[in-house]
Amino acid sequence: AAVPARLQGGRSRCAGRLELLFAGTWGSVCAEGWDPAAARVLCRQLACGRPRFVPAPCGSTAAGAPPVVLRQVQCTGQEPALEHCILQPGHPSPCPMDR
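About the criteria used
- Residues numbered from 1 in each chain as written.
- Predicted model: local features only at pLDDT ≥ 70, side-chain atom pairs only at ≥ 80, totals over all residues.
- Heavy atoms only, no water.
- Helix = DSSP H or I, 4+ residues; strand = E, 2+ residues; numbered from the N terminus.
- Buried < 20%, exposed > 50% of the residue type's maximum accessible area, 1.4 Å probe, protein only.
- Contact = heavy atoms within 4.5 Å.
- Disulfide = S-S within 2.5 Å.
- Pairing = 2+ DSSP bridges.
- Axes fitted to C-alpha atoms, helices over the stretch in contact; angles between N-to-C directions.
- Core = buried A, V, L, I, M, F, W, Y, C linked by side-chain atoms within 4.5 Å.

In the annotation of an unreviewed UniProt entry, the entry for the protein reads DMBT1 protein, and the organism field reads Chroicocephalus maculipennis.

Next comes the structure, spelled out in C-alpha cells:
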C-alpha cells in the first residue's frame, strides 16, 4: 500500500517537517528511526532531488506536530518510495526529548 508523505511548515513543498499517512493517520517519525537512506527515498518519492537535511522529529517537541506513528523506517536508499521500505509502527521507548 502507498504511504503518502508530506513536508509541513517549510518554505516550499520540498522543505519542512516530515509527516507520513500510516494506517489512516498523519503522524511523525522519531529521530532514532530515520536515517539518510530513508531521506533519499522520501526525496525521490516527492521528486525533490537529493536531501540536504535529514528531518528528525522526536516526541511532541515540534509545535503542532502530530504524534509519532512509526518507530522506525528502514530503507536501503534504493527504493522508489517509502512503502517499499520496512515500516515499524509504534512509538520508540525511551525517546529522548529535546530540552
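Having seen it, we continue.
In terms of regular secondary structure, the protein is built from one helix and five strands. In the protein, the order of α-helices and β-strands from amino to carboxyl end is β-β-β-α-β-β. Out of the 99 residues belonging to the protein, those deemed buried represent 38%. Across the protein, contacts joining residues at least 24 apart in sequence account for 58% of those joining residues at least 6 apart.

Here the structure, examined in full by the defined rule, presents two disulfides. Linked covalently through their sulfurs, Cys14 and Cys48 form a disulfide whose S-S length is 1.9 Å. One disulfide, between Cys14 and Cys48, carries an S-S torsion of -80 degrees and so falls in the left-handed class. Of the two residues, Cys14 is situated in the loop between strand 1 (5–9) and strand 2 (16–22) and Cys48 in the loop between helix 1 (36–45) and strand 4 (68–74); the sequence distance between them amounts to 34 residues. Owing to a relative accessible area of 34%, Cys14 belongs among the partly exposed residues under this scheme. The exposure class assigned to Cys48 is buried, which follows from its relative accessible area of 18%. Paired through a disulfide, Cys75 and Cys85 show a sulfur-sulfur distance of 2.1 Å. Around the S-S axis, the bridge from Cys75 to Cys85 shows a dihedral of about 110 degrees and counts as right-handed. Within this pair, whereas Cys75 is found in the loop between strand 4 and strand 5 (86–89), its partner Cys85 is found in the loop between strand 4 and strand 5, the two being separated by 10 residues in sequence. Of the two residues examined, Cys75 and Cys85, each falls in the buried class. Cys48 supplies the cysteine sulfur nearest to Cys43, a cysteine that is in no disulfide, at a spacing of 5.9 Å.

So, on to the sheet that holds strand 2. Within a beta sheet, neighbouring strands are joined by backbone hydrogen bonds and run either parallel or antiparallel to one another. With mixed pairing, five strands are arranged side by side in an open sheet as 1-2-3-4-5. Where the open sheet ends on each side, the last strands, each with one partner, are strand 1 and strand 5. Neighbour-to-neighbour, the strand axes of the sheet open up by a mean angle of 45 degrees, direction not taken into account. Taken together, the five bridges between strand 1 and strand 2 define a ladder with antiparallel strand orientation. Paired with Ala5 across the two strands is Leu20, which belongs to strand 2.

On to the nonpolar core. Leu18, Leu20, Trp34, Leu42, Val73, Cys75 and Leu82 are the most contacted members of the largest nonpolar core, which totals 22 residues. When residues of this core are traced back to their parent elements, those giving at least two are strand 1, strand 2, helix 1 and strand 4. The element that contributes the greatest number of residues to this core is helix 1, accounting for six residues.

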